[in-house]
Amino acid sequence: VWGCSFWWIKVGLRAVSFVDVAFFRLVFGAAALLAVSAALRVPLPRRPRTWAHLFVLALLFCSIPFTLFSYGETRISAVLAGIINALTPLTTVIASIVVFRQQRPSRRLLAGLAVGLAGVLVVLGVWNGVGGGEAIGIGACLAAVTCYGVGFPYSVRHLTGRADAEPPVALATGQVLCGAAQLMPVALAAGHIHRHPPAGSFLALAGLGMLGTGIAYVLNFDVISHAPAEVASSVTYI
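First, a word on what this report is: a plain description of the structure on this page.

Rules used in this analysis
Residues numbered from 1 in each chain as written. Predicted model: local features only at pLDDT ≥ 70, side-chain atom pairs only at ≥ 80, totals over all residues. Heavy atoms only, no water. Patch = residues over 30% accessible without salt bridge, like charges linked within 9 Å, V, L, I, M, F, W, Y side chains within 5 Å. Areas by Shrake-Rupley, 256 points an atom, 1.4 Å probe, with all protein chains shown as cover. Salt bridge = Lys/Arg side-chain N within 4 Å of Asp/Glu carboxyl O. Buried < 20%, exposed > 50% of the residue type's maximum accessible area, 1.4 Å probe, protein only. 1 Å grid on protein atoms, 1.4 Å probe; cavity = no way out; pocket = protein on both sides within 12 Å on 5 of 7 lines; lining within 4 Å. Points joined across faces, edges and corners; volume = space filled by probe spheres on them. Helix = DSSP H or I, 4+ residues; strand = E, 2+ residues; numbered from the N terminus. Nonpolar A, V, L, I, M, F, W, Y, C, P; charged D, E, K, R; others polar.

1. Comments concerning a nonpolar patch on the surface
Here is step 1 of the chain: On the surface, a nonpolar cluster with roughly 430 Å² of combined accessible area is contributed by V1, M210, L211, I215 and L219.
Here is step 2 of the chain: A relative accessible area of 35% means that I215 is categorised as partly exposed.

2. With respect to the layout of surface pockets
Here is step 1 of the chain: Here the largest pocket defines a volume of roughly 420 Å³.
Here is step 2 of the chain: If you trace the largest pocket, you find 19 residues lining it, with W2, G3, V235, T236 and I238 closest to the centre.
Here is step 3 of the chain: Those elements that provide at least two residues to the lining of the largest pocket are α1 (2-12), α4 (78-85) and α9 (199-226).
Here is step 4 of the chain: By residue number, the principal contributor to the lining of the largest pocket is α4, which donates five residues.
Here is step 5 of the chain: In terms of residue class, the lining of the largest pocket is made up of 14 nonpolar, five polar and no charged.

3. A closer look at the pattern of salt bridges
Two side chains that carry opposite charge are able to pair once their charged atoms sit near each other.
Here is step 1 of the chain: Counted by the stated rule, this structure contains one salt bridge.
Here is step 2 of the chain: A salt bridge links E166 to R47; its shortest N-O distance comes to 3.8 Å. Taken together, the residues span a long stretch of sequence, with E166 in the loop between α7 (132-160) and α8 (168-190) and R47 in the loop between α2 (18-40) and α3 (48-72) at a distance of 119 residues.
Here is step 3 of the chain: Look at E166 and you get buried, because its relative accessible area is 18%.

4. Notes on empty space enclosed by the protein
Here is step 1 of the chain: Taken as a whole and assessed by the stated rule, the structure comprises two cavities of 30 Å³ or more.
Here is step 2 of the chain: Roughly 160 Å³ of volume is contained in the largest cavity.
Here is step 3 of the chain: Forming the boundary of the largest cavity are 15 residues, of which W2, R25, N85, Y148 and Y217 lie nearest the centre.
Here is step 4 of the chain: Those elements giving two or more residues to the lining of the largest cavity turn out to be α1, α3, α7 and α9.
Here is step 5 of the chain: Element by element, the count of residues in the lining of the largest cavity is highest for α1, at four residues.
Here is step 6 of the chain: Here the residues of the lining of the largest cavity sort into nine nonpolar, five polar and one charged.
Here is step 7 of the chain: Within this model, the second largest cavity holds a volume of roughly 50 Å³.
Here is step 8 of the chain: Broken down by element, the lining of the second largest cavity gets its largest block of residues, three residues, from α3.
Here is step 9 of the chain: By residue class, the composition of the lining of the second largest cavity is three nonpolar, three polar and four charged.

Laid out in structure tokens, this is it:
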């Protein structure tokens, strides 16, 4: 589903601005998750502490990276954006070591990071150079991936790793609702719809929201609750 998301972003950009792509993604995602929560009779989180962590996680997993990836794809291809997204396990390991101290850096781990970073440089073909516009797009996607890398261990420490953790559906719904609220004022101020937008673009935005942001985040929280952050983030290699 997340592999399709990069194509859906590109198609959505034919109809709306990059800010609105991120905002509509969250709106459709919130609608889908509220419907799932109602069908499964799963209530929203009740503890204020949980909502505070969900607000932070929405910044790391939703509003900021969604906007950055959408902006990045105005300058680079969906394929390249998807390849850059595969950096997420590397940024997750770095965040786990440096920020959250959830891992101890061994020689094997540091060697693996070095090989992974070298692989990214090969994929990007840095020796060929990149144009100014393309470099900005790559930088935006790299910043988004950094947010994801911090988000996975943050979720393990403060939400899914707790004995009293909320169900994945409740966490995903709360997170996406927070993200939509965060982006609403930005979308009202800076978003716009292009003239004569293709209908297919809105179908892409619906898929991006309901599947790539709604259902996918339920699955994501479920995986994080059963596996270390580094393992959960490895889905981005796909």
